[in-house]
Amino acid sequence: TSEDLSFEEASVELSLRPLLASTDLSIGKNRLVFGLLDSQNAPVISDAAIMELFYSDETEIINKGKVAAAWHSWPTGLGGVFVTEIDFDAAGAWFAEISPVNGNNKAELGRLILTVSETPKTPSVGSHAPPSLSHQSLQDAPLSQLTSDPEPDRVLYSVRISEAIKSGQPSLIAFATPSFCKSATCGPQLEVVKQLRTSYGGQVHVIHAEIYSNPQEMSSGIESASLSPTVEEWNLPSEPWVFVIDSDGKISGKFEGYASFEEISKKLQLVI
């Protein structure tokens, strides 16, 4: 029975190992991003994965139904992530049983532990974007001090966040560190942002904000990193993040972890 099943027993590792890219989950609708590794630590690729959701209320485990997570491939090479939207109705401990619908690992299982908060840690959809007076552009510093991207698009550094969100024009702001990314998805994400700049640049301010304030000094490694004050102002616990800001300076969409061109484009088209 459900009373006999403890949350610890439900969290044992199975044949697939999920890697969660979403660290800021709260009550309400959430975009959830994860990868899957097989027993050989190779990436699992499938058109989609089915997630069966469970909530633990300390006395029993409650089945919350199933959702499908679609596969989104990276623009640079092999690999990708699974993406879905989940509407959490309670804070606390959740978990999901995950199974690919096809591919080499079809019907194998992995379990993902999820911690859901009452409210989000990061700026919420509908709130005003932080003005980030600390964010610098090419007006303030040379390109080498603004980005760790080995092939930067100068347009992404031409305006400050504070100026963009007060301009009366929509904005797309990407927080990523392509050369020092712990999640290894900042590079692919920035490539998507460059594509979006090409498609929407005349209608939207597109900005790349580096995670660290001293990329030019980090050749010795991440140990010498200094977190950007802008990242602290936005209270970002991970990387990458992409925010869509409407013409009134309010957050219209936000994406943690890798987000595809199509996902972000849909949000942009709502504010243009």
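Conventions we followed
Residues numbered from 1 in each chain as written. Predicted model: local features only at pLDDT ≥ 70, side-chain atom pairs only at ≥ 80, totals over all residues. Heavy atoms only, no water. Pairing = 2+ DSSP bridges. Helix = DSSP H or I, 4+ residues; strand = E, 2+ residues; numbered from the N terminus. Axes fitted to C-alpha atoms, helices over the stretch in contact; angles between N-to-C directions. Contact = heavy atoms within 4.5 Å. Disulfide = S-S within 2.5 Å. Buried < 20%, exposed > 50% of the residue type's maximum accessible area, 1.4 Å probe, protein only. Expected span 1.5 Å × (residues − 1).

A. Focus on the sheet that holds strand β5 (residues 80–88). Across the sheet, 7 strands lie side by side as β1-β2-β5-β4-β3-β6-β7; this open sheet has antiparallel pairing. The open sheet has two edge strands, β1 (17–20) and β7 (110–116), and neither has a second partner. When the angles between neighbouring strand axes are averaged without regard to direction, this sheet yields 35 degrees.

B. Layout of the environment of alanine 91. Topologically, alanine 91 is positioned in the loop between β5 and β6 (92–100). Separated by 27 residues in the primary sequence, alanine 91 and glutamate 118 have C-alpha atoms spaced 5.4 Å apart. Ignoring anything within four residues of it in the chain, the contact list for alanine 91 reads Ile27, Tyr55, Val116, Ser117 and Glu118.

C. Region of the structure containing the state of the cysteines. Per the counting criterion, the structure on display carries 1 disulfide. What pairs with cysteine 181 in a disulfide is cysteine 186, and their sulfur atoms sit 2.4 Å apart. Taking the sign of the S-S torsion, 60 degrees for the link of cysteine 181 and cysteine 186, the bridge is right-handed. Accessibility assignment for this pair places cysteine 181 and cysteine 186 in one class, buried.

D. Looking closely at helix α3 (residues 186–200). Taking 1.5 Å as the rise per residue, α3 with 15 residues should run 21 Å; its terminal C-alpha atoms sit 20 Å apart, in good agreement. When α3 is considered as a whole, its buried residues turn out to be Cys186, Pro188, Gln189, Leu190, Val192, Val193, Lys194, Leu196 and Tyr200. Lining the buried residues of α3 we find β8 (171–175), β9 (205–209), β10 (241–245) and α5 (261–271).

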